Amino acid sequence: MRVHLINNGYALSAEFPMTAFEMQDVLDRLKYPAGNSEVTFRIYEFKNMNLPSELNRQ
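Every value quoted in this text rests on a predicted model; they were computed, and no experiment measured them.

**Student:** Tell me about the nonpolar core, residues and numbers included.
**Tutor:** Residues Val 3, Leu 5, Leu 12, Ala 14, Phe 16, Met 18, Val 26 and Leu 30 constitute the largest nonpolar core, which totals eight residues. Of all the secondary structure elements, the ones that give two or more residues to this core are β1 (2–7) and β2 (10–15).

Rendered as structure tokens:
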């Protein structure tokens with residue numbers, strides 16, 4: 001699965017799943033946290049993907 005992440009004008013595309021260290025690197029490259037910021041993400045390229053049960057709650 002690939003995810004597009006955006007934070008205060010910084011953006012990148014990342015491959016998931018990833019380790020905690022890889023996630024910290026991604027957040028560093030997005031300059032997060034920068035003040036009162038949020039990271040926005042969009043999932044794409046998710047063929048044959050098993051989403052965690054937490055994302056499937058209704």
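**Student:** A description of the sheet that holds β2 should follow, citing residues and the corresponding values.
**Tutor:** Strand pairing in a sheet takes place through backbone hydrogen bonds and is either antiparallel or parallel in direction. Strand order in the open sheet formed by three strands is β2-β1-β3, with antiparallel pairing between adjacent strands. Each end of this open sheet is capped by a strand with a single partner; those strands are β2 and β3 (40–44). Strand-to-strand twist across the sheet, computed as the mean angle between neighbouring axes with direction ignored, equals 20°. Bridge analysis of β1 against β3 gives five bridges, and the strand direction is antiparallel. For Val 3, the partnering residue across the bridge sits in β3 and is Ile 43.

Rules used throughout
- Residues numbered from 1 in each chain as written.
- Predicted model: local features only at pLDDT ≥ 70, side-chain atom pairs only at ≥ 80, totals over all residues.
- Heavy atoms only, no water.
- Core = buried A, V, L, I, M, F, W, Y, C linked by side-chain atoms within 4.5 Å.
- Buried < 20%, exposed > 50% of the residue type's maximum accessible area, 1.4 Å probe, protein only.
- Helix = DSSP H or I, 4+ residues; strand = E, 2+ residues; numbered from the N terminus.
- Pairing = 2+ DSSP bridges.
- Axes fitted to C-alpha atoms, helices over the stretch in contact; angles between N-to-C directions.

On their own, these measurements won't tell you what the molecule is for.
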